[in-house]
Amino acid sequence: MKLVSGDYALIFDQGGMEVQKKGKLLYYNKRPMFVTVKTAFAISEFYDQAYSHITTEGNHILAEGILTVPSGSSFSFADRYETAGDGFKVSRSVKVLKAGDDLGFSSKVSFVMAESDVTRDYNCFAPGVWYKQNEFAPDYAMGKDLDCEYYWRMETSMALPLFAMQNIQSGETATLSRWAADVTMQSTDILRAENNTDPRCTIGALGMSKPESKTLNYMYYGFAVRKELETQIDGLSIDYVYPACDGQMPRRNAIYSGLDYQKQSKTFQRINHPVEVGFEQHYSVAIQFNHYNSFQSMMKDTWRTAYSRLRDKLFEVDNEQHFHNCMKLLTHYTRKYGDSYGLPFACQLPDMDISCVSFQFGFVGQQPGIGYQLLRYGDKENQSESFEKGVNIIDFWTRVAMTDSGLPQMCYNPNIEGFEPYPHYIRMLADGIEAILDAYLYMRKKGDERASWLDFCRKTADWLTNIQNEDGSFYRAYNTDNTIRMDSKSNTPSVIRFLVQFYLVTGEERYKNAAIRAGEWAFVQNYLNLEYRGGTCDNADIQDKEAGIYALFGFLALYDLTGEEKWLEAAIGAADYTETWTYAWTFPVRTPWPKHPFNQYSISGQSIITVGGGADVYMAACSYTYYRLYIITGDEHYLDFAQFIHNNTRQSNDVDGSVGYIMPGIGHESGNFTSQTLQSHYHWLPWCTYVEVDPSSRLYDTFGCYEIEEAQKLSPQERAELNRIYAAFG
């Protein structure tokens, strides 16, 4: 018996399964019925067995059997296989028939890799969790240490619940993903521990494993309890485990004083279902097999396949009203502090209790960016307060921030009437200097030539061209005396767009040449090597989303300038990578606070910050850019994704005042909700609002509307003409 999808045949024989491509064995599972039991000793033992009955029912294959473990616990399996889309679907039911001396159990759908059982022979992809061999991930991330036995991660930690393994040599790829976004709320009166049981947990885990025939349970301080098992291990496998677990994860802060245990400490957290007679598991998994010539093409296709099946519905929001609410918010909280102008660094929700006053040039502060948006808004809407506050912010920074070297100061504190000691990040520099140039151009079009603003931009542009490395790169951070603060080069794309735009303003070739040289370096390192890291200034130099965002901005600016297909290719590559950090699916999340948007809205549209990190709303900054990419490429997926992040990112905001925040439009900064309970600082920072107004203002200035649906009413010719944003720039 077999099922066929494309070149791949799923063959059932002798109670097991094989996956063949044109007669060649690629994957198999000789004993598909698998359980891990939590014994009376609270350790996990695993057992497997072949199906005993396999029958054909129409277009389905039903595989069944009973697995009994040494303790006497017995489980019946009924797995229904069918072709679905470009692959297969398995719908599994597991029922407890007998309860022995066991405390819990989990089951697993898996396929063994026939081509190689060496973990380093595979590049892996889990959205926002694992890219290639996670070489740019932090030390505590899954996959960083490829000498483990288990690489399983809760699917709620993934932007989409999928895991793919690509054999590097052959390009053959196996992908497992949750079939539907049907996670329900787990028990809220249970605290997760090393090995707990929760009958209500419907979360799964995804990853790969190559275990020894031994138990593996870590004590609270890291000691591994190992016991020999008779279960045969066939090799390295791709796995969907249900219910969820996280293992083997390097432990953070794993120093225990007074213990003799000196080995590297790890954790393995498991969730079990109860071994109670009559208890049943029901879950479905998508199974896909494909061949890809590159990791990028594999990542793009597997993401889009799952996205089309699992994407959450579009959030309904009036983006024009939301824009105005956000601008009123920024106007209200901008004020004079001594001789400076700006917004607080942080305000606690729900009433915007100001907890810290400090101004950052970019990144989480976005002070010049907000200044530009305020003066633009005030002028267009005849709001004098907004306009004056915006002008004052730009005036303040251009008056006090420049240094003798040409590298502006980054972090001003009005309490000390001076600058805090803070690294001069290239990424933060790009945020602020682009906004000052935008402000200069806006005022110049009004007939108000602000020469000091242009001079500020020129000094920075000259500093960049003088400090640029021979290979075209820039370092991550500098000191004002031009010495290197952080020597990673991965943030090089951050300043490309500014250099392109300053060239368009001045016509001076050296700025264009510097932008292209930076692009050449970034094309190889960021795009081809997938070295998108260090984009978030308050994190280590690790894989993250914002490095991808700024690469997208930079590559697209080079394409807008030159029209060269090379830069469009890189922009598409950066876009395809960056969107995989966005929670396109949803699951229930509870919050500790009565006033929070997640009490009534979904988490979809939020995006993972770094590998192993929480999630925030920064993908909102990209809706305009993805829409422009759609117009250039005609790729309907970019249109869909642009609309998705233009709307669903608003779900962390009080968009209409119904949440109960002090003003409509306010949103929280970030949080972690992988446990289905939100952990957050429950505060607002200026960037949260800035990244929502910036793409909206750009959309309006380019296409004359605040909704992508409205822009779509223009003819393709009109959209293409308006999309030539550099035609009259500067």
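Data block above holds the structure.
Every value quoted in this text rests on a predicted model; they were computed, and no experiment measured them. (Residues numbered from 1 in each chain as written. Predicted model: local features only at pLDDT ≥ 70, side-chain atom pairs only at ≥ 80, totals over all residues. Heavy atoms only, no water.)

1. Remarks on the layout of surface pockets
In this model, the largest pocket occupies a volume close to 990 Å³. Taken together, 38 residues form the lining of the largest pocket, with Arg153, Arg192, Asp246, Gln269 and Thr674 sitting closest to its centre. Every element with two or more residues in the lining of the largest pocket is listed here: β14 (150–154), β22 (245–250) and β23 (266–272). As a volume, the second largest pocket reaches approximately 760 Å³. Lining the second largest pocket are 29 residues, with Lys445, Asp701, Thr702, Ile725 and Phe729 sitting closest to its centre. Only α3 (367–380), α5 (426–445), α7 (496–506), α9 (546–562), α11 (623–633) and α13 (686–703) provide two or more residues apiece to the lining of the second largest pocket. Element by element, the count of residues in the lining of the second largest pocket is highest for α13, at 5 residues. Taken together, the residues that form the lining of the second largest pocket break down as 13 nonpolar, 6 polar and 10 charged. (1 Å grid on protein atoms, 1.4 Å probe; cavity = no way out; pocket = protein on both sides within 12 Å on 5 of 7 lines; lining within 4 Å. Points joined across faces, edges and corners; volume = space filled by probe spheres on them. Helix = DSSP H or I, 4+ residues; strand = E, 2+ residues; numbered from the N terminus. Nonpolar A, V, L, I, M, F, W, Y, C, P; charged D, E, K, R; others polar.)

2. Brief notes about the nonpolar core
Residues Phe75, Phe111, Trp130, Phe163, Tyr626, Tyr627 and Trp684 are the most contacted members of the largest nonpolar core, which totals 240 residues. Leave out the neighbours within four places in its chain, and Phe111 touches Leu10, Met17, Val19, Tyr27, Tyr28, Leu176, Leu236, Ser237, Ile238, Ile287 and Phe289. (Core = buried A, V, L, I, M, F, W, Y, C linked by side-chain atoms within 4.5 Å. Buried < 20%, exposed > 50% of the residue type's maximum accessible area, 1.4 Å probe, protein only. Contact = heavy atoms within 4.5 Å.)

3. What to know about the sheet that holds strand β7 (residues 53–57)
A sheet is described by the order of its strands in space; here 9 strands give the open sequence β7-β8-β9-β10-β24-β16-β15-β12-β13, paired in antiparallel fashion. The sheet is open, and its two borders are formed by β7 and β13 (130–132), each paired with just one other strand. With direction set aside, neighbouring strand axes in the sheet form an average angle of 20°. Strand direction decides the pairing type here: strand β9 (residues 74–84) and strand β10 (residues 87–98), joined by 11 bridges, are antiparallel. What sits directly across from Phe75, in β10, is Val96. Each of β12 (122–126), β13, β15 (162–167), β16 (172–178) and β24 (280–291) touches helix α1 (residues 295–310); the most contacted strand, β12, lies at about 30° to it. (Pairing = 2+ DSSP bridges. Axes fitted to C-alpha atoms, helices over the stretch in contact; angles between N-to-C directions.)

4. Some points on the sheet that holds strand β35 (residues 607–608)
One open sheet holds the 3 strands; their spatial order is β35-β36-β37, and the pairing between them is antiparallel. The sheet terminates laterally at β35 and β37 (670–671), the two strands that pair on one side only. Here β35 runs beside strand β36 (residues 615–616); their pairing, made up of 2 bridges, is antiparallel. Residue Ile608 lies in a different strand from β36, and its bridge partner there is Ala615.

5. Considering the pattern of salt bridges
Under the counting rule described, the total for this entry stands at 43 salt bridges. One salt bridge connects Arg427 with Asp431, and the closest N-O pair in it is separated by 2.9 Å. Of the two residues, Arg427 and Asp431 are both situated in helix α5; the distance of 4 residues between them amounts to about one turn of the helix. When its relative accessible area of 7% is taken as the criterion, Asp431 is described as buried. Between Lys566 and Glu520 there is a salt bridge whose closest N-O contact spans 2.4 Å. Placement of the pair is Lys566 in helix α10 (residues 565–579) and Glu520 in helix α8 (residues 509–528), with a sequence separation of 46 residues. Its relative accessible area of 27% is what places Lys566 among the partly exposed residues. (Salt bridge = Lys/Arg side-chain N within 4 Å of Asp/Glu carboxyl O.)

6. Quick look at unusual backbone geometry
Here the bond from Gly247 into Gln248 is cis, since omega is -15°, no more than 30 degrees from zero. Of note, Gln248 is situated in strand β22. In the segment running from Leu349 into Pro350, the intervening peptide bond is cis, with an omega of 10°. Mapped onto the elements, Pro350 comes out in the loop between β27 (346–348) and β28 (353–356).

7. Some thoughts on the pairing of strand β11 (residues 102–113)
Within β11, 11 of the 12 residues are buried, which leaves it mostly tucked inside the rest of the structure. Bridge count between strand β4 (residues 24–29) and β11: 2 bridges; the pairing is antiparallel. Paired with Tyr27 across the strands is Met113, a residue of β11. Both strand β5 (residues 33–39) and β11 contribute to a ladder of 5 bridges, which runs antiparallel. Within β11, the residue paired with Thr36 across the bridge is Ser106. Taken together, the 6 bridges between β11 and strand β21 (residues 237–242) define a ladder with antiparallel strand orientation. Opposite Val109, over in β21, you have Tyr240 as the bridge partner.

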